[in-house]
Amino acid sequence: MGIYFIAVAAVVAGGTLAALLAGKSDDSGLAALCAVTSVGIAAVAVVFLSLPVLFGGDVISETFDLGAPLGAVRCELDALSAFFAALTSITSLISIIYITGYMSSTQSGGSIGFHYMFFNLAVASMLAALVMRNALAFLVVWEIMALSIFFLIPFQRGKVRPMSAAIQFLITMHVGAVILTAAIIIASSGTGLDFSNFTAILSSGSTKGTALFVMFFVGFAFKAGLMPFHSWAVHAETEAPQGVSGLLSGAAVNMGFYGILRIIALTGATSPACGYTVLFISMFSAVFGILYALIQNDLRRVLAYSTIENAGIIGVGIGTGMLGRAYNLPLMEVLGFAGALFHIINHSMFKGVLFYAVGAVYIATGTSKTDRLGGLIKTMPVTAFTFLAASLAASALPPFNGFISEFLIYSGLLKALTPSSGFIITLGVIAVAILALNGAVTLAVFAKTFGITFLGSPRYNLSGAEPPPSMSMPLITLSALCLAAGLWPDFVMELIQAPLVSLGAAQATLISESNAIAGNVARGALLLAAVTVFVLFVRNRLVRSPASAPTWGCGYEAVSSRMQYTGSSLSGPLVKLAAPLLRLIQKRKFIPRAADIPGCEPFPARRIKYAAYSSDLIETMVIDKLLIIVRAAFDRLSWIQSGHTGHYVLYILAALALFLFAAVFRGVA
Amino acid sequence: MSAAIVRYLLMMAVSFLMAGLIVRTKAVWAGRFGPPLLQPFYDFIRLLRKSSVISRTTSPVFAIAPSAALAAALTAATVVPIAGRPALIHFDGDFIFFAYTLAMGKFFTVLGALDTGSSFEGMGASREITFTALIEPAFFIIMGSMAMLTGHTSITGIYSMFPATAYDLGQGGFITSILGAIGAWSTSDLLIPAICGNIVLMMSIIVEAARMPVDDPTTHLELTMVHEVMILDSSGPDLALINASNTIKMTLTGTLITGIIIPQWVSPLAGVVLYLFILALIAVSIGIFESIIARLRMTHVPQFILGATSVALIVLAVLMHGVHR
């Protein structure tokens, strides 16, 4: 355990040193080296500590006595923690390598040194949170994580939208933290702050236990970005620098899932109600996340909503696992949890590629609006093809990794065969249909995103160059991993075995059965890849020296690149069908003017200004309405803030007196 | 295994015939003689030999797309049971693999269309992704429900559980067996899912293979096309691969329908004969259907496709009822 904390301390030290170095000199190269090296060392250390835990079944545990108020703080690296720690450290390392390239390519306007410092602090706090078994210490580290990410989001000073996104992030995280704190207070009252004390009440099966589980779930769901607690993710991932968005989506969101899975591990036997809660919220996220992604025309917003959708898929896996446990269907349980864990890895990988590629596009062209781009594959082939690979993975298409994890979740849902409840069987099929709908819309989203951005010809003559190696290497590495994990998932299945055991979904026969299910479908994916390569080979033999001509304009001669289908027009028909669910606002404004444009005779001479907005249903219908109520309530209480110093002294005295009485009263009782 | 390979190749061969038969049916209905039944195959060979013209706007993605589409159709075909016998390969959940593999081909077809930068092809791509999103859940509800009812998650496994299996030809002659099979079907939990499954699959042939009333394969106006417009810039071998993949996809769905109908107790030879017969029946009915019906307005197509979803929802209701009984 000591090595683990030395690694965590190294990350903090490296970040601080980077901040000092960047402050001293104009050259930020040394600071970058410092930040990368420290995260690199920590990643190596954490992975080496995690491997024996994941493959050997060890558990590293140590208790530190930190005195009041924390008391004895137990730290433990079990399989679940090791899984997330290894993933977090690797994702962070790739992210910081990318950030160094991103920061050297982009116009600065913020302090790079502080950026590295808070990045490292965020990584360190995530790593620390994963091993804390003392609830209070966990909350403290959890808070440091939220604060350091808060400072990461607004990189460029003086910009309003990143700052408001950061503030929204902070507020949302605190709402989550308040719920978590309340849950921890309830769970630890009368027992103790150590996590192991929570098991008794969580597994009691009583209403209190279920309510407590739901509280923990909601608290962590804020971090995981599940709808309806997702609002921060949309704004923060859109406005933050792309490297940070990669970290948010690839590591911070995972922390939420770590929390949910940790509670499940503590709970043991779950009640069906808990499973249904998780499953329903997740299905909602999966469908609405991707529908909102469909209507976005900003690459970063598409990816942000895609994060919510993927969080939904992971949640569906977790819900499947929980229901499997609740209804005593062990194979369903193992497949659900295995699919969720597998998808967590996958999502970190492909979403990293997607965010980093968008960052490269943004640096090259200065925009991330799909409808202003086009044809980038010719000038940025590496970025384009890695984005294509990640799009395939994100759309869960074989032979990429996203397919294997979704296949596991599907398989789990189809094992919902129990004579005890007909509801769960029907629900299984409904969830399968929801996943299918999600898959089809995801295909539409990524065909649109990739096709409009990278294919065709440039719409506004925006074309850029390939990013530097520090930015393209993460892209290549991660997309190669996406393909490898899709063709040979056996290693990943081995990797998630120990976490499955620590979740309580043990039994060797079931795990080998789920491995066989993943292995079979991976052979199928391998066959698909082989057949594709073969057909392509034959095709290339047949197509020799093709003639080159302009795209056929169906008889129209003066085709311009502005006439290409845009992202909005591509998704138009589907969006129109889903419009009642999405609150799409369209505005058309006709600007009449004389026909003074020469040569436009066949076309109407007046100009039409068209704008379409989508408002997030949860934001407008729930959060905004809630805020109005909260604001009104606080307005009523505004008399407390009188502005007289005397009053405030009185408040302090009153509060002290209240606590004194409370203490005395408790002592008497 | 070798028999399965023969059946697989048979399906590939039959796919061209099926396309030819549809064209012939429509011709006969219109009072013409029509092209030979093997015309689609002759076209395939002819296109393979031709040189191709490739748009300057395109990237390597355009070159990959037709091959990926054909590879997807060929791979998806390996998990489809043919003529009442197990598929070439089968494993748990292979119907999901089937759907996602075809989706992969579709993804590349859409990208290939967008790669040309043509607004017409973009329009086709837009319609394709819309219709896919609408038809996909219906297929999963049908297959998912059947998987739940039979306890098997591979297409071969699901089909092996149909009630007709229990009736052996030896028990008392052909007619008795047929009657027995019908009797077994009529009391089976699987009856309504199988009927609804056939309806949904039939509708999905129409959608996926771009038939009337969703899409008119013979139209000459780009604005009304779906599939044809996505391949405006494909020529030579690429066009051959695309056409072949569409024909195979249509036959795959047709084969899934035959699989629900053909009883498992027939001898291999009789199975093949029945298979060809039902497939021909499907082709002829598509041809007649196309001859007597007009193409729907593009804005009405989603309603037609959602009809498939509502049929699938019947199955869901049956499932709920069945397990509560």
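Just so it is clear, the model here is predicted, and its values are computed rather than measured.

(A) Representation of the overall build of chain A within the structure. Helix and strand content of chain A: 23 helices and five strands. Taking 669 residues into account, the globule formula puts the C-alpha radius of gyration at 26 Å, and chain A, at 26 Å, falls close to it. Expressed along its principal axes, the backbone C-alpha trace of chain A runs to roughly 95 × 70 × 55 Å. Counting across all 669 residues of chain A, residues that qualify as buried make up 55%.

(B) Molecular detail of the overall build of chain B. Scanning chain B for helices and strands turns up 12 helices and one strand. Seen in sequence order, chain B has helices and strands lined up from the N terminus as α-α-β-α-α-α-α-α-α-α-α-α-α. Computed over C-alpha atoms, the radius of gyration of chain B comes to 20 Å, within 12% of the 20 Å expected from 2.2 N^0.38 for 325 residues, which places it in the range of a compact globule. Each principal axis of the C-alpha atoms in chain B carries an extent, and together these give about 65 × 40 × 40 Å. Put simply, chain B has 325 residues, and 59% of those count as buried. Excluding contacts between residues fewer than 6 apart, the proportion of contacts in chain B whose partners are at least 24 apart in sequence is 77%.

(C) Spatial organisation of the environment of B:Glu128. Residue and element names in this part refer to chain B. By the element assignment, Glu128 lies in helix α5 (residues 119-150). Owing to 25 C-beta atoms within 10 Å, Glu128 belongs among the buried residues under this scheme. Separated by 183 residues in sequence, Glu128 and Val311 place their C-alpha atoms 21 Å apart. Not counting residues up to four positions away in its chain, the partners in contact with Glu128 are Lys106, Val110, Val226 and Met230.

(D) Just the packing of helix α11 (residues 272-295) of chain A against helix α12 (residues 299-326) of chain A, in detail. Residue and element names in this part refer to chain A. Packing of α11 against α12 brings their axes to within 7 Å, and their N-to-C directions diverge by 160°. Comparing their axes, α12 and α11 come out roughly antiparallel. Viewed along their axes, α11 and α12 form a crossing whose handedness is left-handed. Taken together, the residues that form the contact of α11 with α12 break down as 20 nonpolar, nine polar and one charged.

(E) The environment of B:Ala83, seen in detail. All names here are of chain B. Locating Ala83 in the fold gives a position in the loop between α3 (60-76) and α4 (94-115). According to the C-beta neighbour criterion, Ala83 is buried, with 24 such atoms within 10 Å. Sequence separation between Ala83 and Tyr275 is 192 residues; the distance between their C-alpha atoms is 5.1 Å. Setting aside residues up to four positions removed in sequence, Ala83 forms contacts with Arg7, Ile262, Gly271, Val272 and Tyr275.

(F) View of the interface of chain B and chain A. Taken residue by residue, the interface counts 69 residues in chain B and 64 residues in chain A. Of all elements in the fold, only β1 (53-55), α3, α4, α5, α10 (236-261) and α12 (301-324) of chain B reach the threshold of two or more residues within the side of chain B that touches chain A. The element that contributes the greatest number of residues to the side of chain B that touches chain A is α5(B), accounting for 19 residues. Considered class by class, the residues forming the side of chain B that touches chain A number 38 nonpolar, 23 polar and eight charged.

(G) Main features of the pairing of strand β2 (residues 72-77) of chain A. All names here are of chain A. Sheet topology places strand β1 (residues 60-65) next to β2; six bridges connect them, and they run antiparallel. Pairing of Thr63 across the sheet is with Arg74, part of β2. Joining the antiparallel neighbours β1 and β2 is a turn of six residues, in which Gly67 adopts a positive phi near 75°.

The rules we used
Along every chain, residues carry numbers that run from 1 in the direction the sequence is written. Throughout, the order in which chains and ligands are written sets their labels, letters from A for the former and numbers from 1 for the latter. Only residues with pLDDT of at least 70 get local features here, since the model is predicted, and only at 80 or more are side-chain atom pairs given and counted; chain-wide, interface and lining totals rely on the full set of residues. Each helix is a run of H or I in the DSSP string that is no shorter than four residues. Each strand is a run of E no shorter than two, and both are numbered from the N terminus. The size measure is the radius of gyration over C-alpha atoms, and the globule rule it meets is 2.2 Å times the number of residues to the 0.38 power. With C-beta atoms placed from the backbone, a residue counts as buried when 20 or more other C-beta atoms lie within 10 Å of its own, as exposed when 12 or fewer do, and as partly exposed for counts between those limits. For the purpose of contact definition, each residue receives a C-beta atom placed from its backbone, and two residues are in contact when these atoms lie within 7 Å. Lines are fitted to the C-alpha atoms to define the axes, a helix being fitted only along its stretch in contact, and any angle between axes, read from their N-to-C directions, falls within 0 to 180 degrees. For classification purposes, angles smaller than 35 degrees are called roughly parallel, those larger than 145 roughly antiparallel, those between 65 and 115 roughly perpendicular, and all remaining angles oblique. Take the far helix as the reference: if the near one is turned anticlockwise from it by less than a right angle, the crossing is left-handed, and if turned clockwise, right-handed. Residues are sorted three ways: Asp, Glu, Lys and Arg are charged, Ala, Val, Leu, Ile, Met, Phe, Trp, Tyr, Cys and Pro are nonpolar, and all the rest, Gly among them, are polar. Paired strands are those between which DSSP finds at least two bridges.

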